[in-house]
Amino acid sequence: MNIKLKTKIGAALLALTIATTPAFADNHHAPMTAAEKQASFERDRADILAMAGDYKVQFDMAETTSWRDDYKPIKAKISGGHESVRVIKDTGTEIVLQHLLVAEHGGETFVIKHWRQDWIYQPSSILVYDSAGKWVNQDVPQAQRPGHWSQTVWQVDDSPRYGGIGKWKTVNGVRSWTSNGTARPLARRDAVRNPVYDHYQAINRHQPTPGGWVHWQDNTKMKSVDGKAIPYVQESVLNTYRKFDGYEVSKADDYWSKTQGYWQKVRDQWDAVISENSGVTIKEEAHTGTVISARLLEMGTEVSEGKITEAAAVEEARTLIQGATGKRSTPTASTGAASSSADY
């Protein structure tokens, strides 16, 4: 085939491609009407509120890809349990979901106050993890606020864990919220092993399913060296929440009815410290999270069992939080409270 013929055939094929291939969308969408914005907002709210309920939960964690020749991924781990999720605040643009872990040991059922997730519509700032034991308020540019929700995750003692922002979308008929990249401290399951890495960079995705919801985490496990974060290994985490009430759900509700006043005051104290300092700094330990976590949880149990008054527990909690965040001296925290190895 001569060069002139090849050129003609090439030109013909190019013309055919141009004629028959639809143009790529430029991702530009016409501005939504007020009614469309309201409908989108209400659908987002419904997806968030649908995470409340009673569940059988499976935590599936696997280190997948090593980013270094000298690091070998650890064996995958699957764990699970029963969890009740309750809406404890809903102002319309702010929704707070409290997780309560219902566990059994030695034939006894007990409740562990688990993680908390706060959702805020079009936030002006987000509390984010900065470095070991430090969280800071980060402004959200005005252009990034419309239609977006922030999710802030709090630890078992209502101290912060991580925060991110994203938009609920429908892709291939599936609803999902995906965060921006967020830093976070090590989960307890990793921290207790004293690993070489010291924090995660993560992307979170929440998706409703026909029987519940899932929380995906794409974690890059990192080590800070001379101010630079070095990647060690990629981890995939899938937490699956399936509707299930075949456990002692009443234990969770009984615990919360007796302790919600105490925990509200604990949250208020953390909020006050964060507001005053545009963030918070507090020492953490591998087994318990913050150094005061065990005692704060222990007092929740004591309040539920009538062993301490709510007023006394609140006063001690205030002293603990103020002391641990540099406000004044604090009593030594107990280490007897139960903890969970689940990742969130």
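Residues numbered from 1 in each chain as written. Predicted model: local features only at pLDDT ≥ 70, side-chain atom pairs only at ≥ 80, totals over all residues. Heavy atoms only, no water.

1. A few points about the overall build of the chain
- Scanning the chain for helices and strands turns up six helices and 16 strands.
- Relative to its full complement of 344 residues, the chain shows a buried share of 45%.
- When contacts within the chain are restricted to residue pairs at least 6 apart in sequence, long-range pairs at least 24 apart make up 61% of them.
- In the structure as shown, the chain presents an accessible area of about 17600 Å², 53% of it carried by carbon and sulfur atoms. (Helix = DSSP H or I, 4+ residues; strand = E, 2+ residues; numbered from the N terminus. Buried < 20%, exposed > 50% of the residue type's maximum accessible area, 1.4 Å probe, protein only. Contact = heavy atoms within 4.5 Å. Areas by Shrake-Rupley, 256 points an atom, 1.4 Å probe, with all protein chains shown as cover.)

2. Describing the side chain of Arg267
- Structurally, the position occupied by Arg267 is in helix 4 (residues 249–277).
- One buried charged side chain, Arg267, makes no salt bridge at all; its nearest oppositely charged neighbour is Asp158, positioned 4.7 Å away.
- In contact with Arg267, not counting residues within four places along its chain, are Ile88, Arg116, Asp158 and Trp256. (Lys, Arg positive; Asp, Glu negative; His and termini not counted. Salt bridge = Lys/Arg side-chain N within 4 Å of Asp/Glu carboxyl O.)

3. Focus: the packing of aromatic side chains
- Tallying each qualifying case throughout the model produces 13 aromatic pairs.
- For the ring pair Phe41 and Trp149, a centre distance of 5.9 Å and an interplane angle of 5° mean the geometry is stacked. Residue Phe41 is found in helix 2 (residues 34–49), and its partner Trp149 is found in strand 7 (residues 149–154); the two are separated by 108 residues along the sequence. The pair formed by Phe41 and Trp149 is uniform in burial state, with each residue classed as buried.
- Between Phe244 and Tyr247 the ring centres are 6.3 Å apart and the planes differ by 20°, which places this aromatic pair in the stacked class.
- Classification of Phe244 by relative accessible area gives partly exposed; the value is 32%.
- Of the residues examined, Tyr247 reaches a relative accessible area of 11% and is grouped as buried.
- Cluster of aromatic residues (ring-pair linked, three or more members): Phe41, Tyr121 and Trp149.
- Here Lys56 stacks its cationic end above the ring of Phe244, 5.8 Å away from the centre of that ring. (Phe/Tyr/Trp six-rings, centres within 6.5 Å; stacked < 30°, edge-to-face > 60°. Lys NZ or Arg CZ within 6 Å of the ring centre and 35° of its normal.)

4. Overview of the sheet that holds strand 5 (residues 125–131)
- Ordered by their spatial adjacency, three strands build an open sheet running 5-6-14, and the pairing between neighbours is antiparallel. At either margin of the open sheet sits one strand with a lone partner, and together these are strand 5 and strand 14 (279–281). Going across the sheet, the axis of each strand differs from the next one's by a mean of 25°, ignoring polarity.
- Examined bridge by bridge, strand 6 (residues 134–139) and strand 14 share three bridges and lie antiparallel to one another. Note on strand 14: the bridge partner recorded for Trp135 is Val280.
- Sheet contacts for helix 4: strand 5, strand 6 and strand 14; angle to strand 14, the most-contacted strand, approximately 105°. (Pairing = 2+ DSSP bridges. Axes fitted to C-alpha atoms, helices over the stretch in contact; angles between N-to-C directions.)

5. Concerning the confidence of the model for the chain
- Averaged over every residue, the pLDDT of the chain is 90; residues scoring 70 or more account for 87%.
- Low pLDDT, under 50, characterises residues 5–27; the stretch is placed with two contacts to residues that sit more than four places away or in other chains.
- Every residue in residues 328–338 is under pLDDT 50, and counting partners more than four places away or in other chains gives 25 contacts. (pLDDT = per-residue confidence, 0-100.)

6. Regarding the packing of helix 4 against helix 6 (residues 310–324)
- Between helix 4 and helix 6, the shortest axis-to-axis distance is 10 Å and the interhelical angle comes to 25°. In this view, helix 4 runs roughly parallel relative to helix 6, as classed from their interaxial angle. In terms of crossing hand, the pair formed by helix 4 and helix 6 is right-handed. Residues Gly261, Tyr262, Lys265, Val266, Gln269, Trp270 and Val273 of helix 4 form the contact with helix 6, whose own contacting residues are Glu310, Ala313, Val314, Ala317, Arg318, Ile321 and Gln322.
- Grouping the constituent residues of the contact of helix 4 with helix 6 by class yields eight nonpolar, three polar and three charged. (Parallel < 35°, antiparallel > 145°, perpendicular 65-115°, else oblique. Left-handed = near helix turned anticlockwise from the far one by under 90°. Nonpolar A, V, L, I, M, F, W, Y, C, P; charged D, E, K, R; others polar.)

7. Observations regarding the packing of helix 4 against helix 5 (residues 293–304)
- At a minimum axis distance of 8 Å, the contact between helix 4 and helix 5 shows a crossing angle of 145°. Of the two possible hands of crossing, helix 4 and helix 5 adopt the one that is right-handed. For the pair helix 4 and helix 5, contact is made by Tyr255, Lys258, Thr259, Tyr262, Trp263 and Trp270 and by Leu296, Leu297, Met299, Gly300, Thr301, Val303 and Ser304, respectively.
- Here the residues of the contact of helix 4 with helix 5 are counted per class, giving eight nonpolar, four polar and one charged.

8. Considerations on the pattern of salt bridges
- This structure, assessed with the given rule, holds 23 salt bridges.
- In this structure, Asp253 engages Arg86 in a salt bridge whose closest nitrogen and oxygen atoms are separated by 2.8 Å. Taken together, the positions of Asp253 in helix 4 and Arg86 in strand 2 (residues 77–90) put the pair 167 residues apart, joining distant regions of the chain.
- Residue classification places Asp253 among the partly exposed residues on the basis of a relative accessible area of 33%.
- Judged by its relative accessible area of 19%, Arg86 is buried.
- Arg193 is the partner of Asp190 in a salt bridge, and the nearest nitrogen-oxygen pair spans 2.8 Å.
- Judged by its relative accessible area of 1%, Asp190 falls in the buried class.
- Here the salt bridges do not stand alone but share partners, grouping Glu63, Arg189, Asp190, Arg193, Lys221 and Glu235 into one network.

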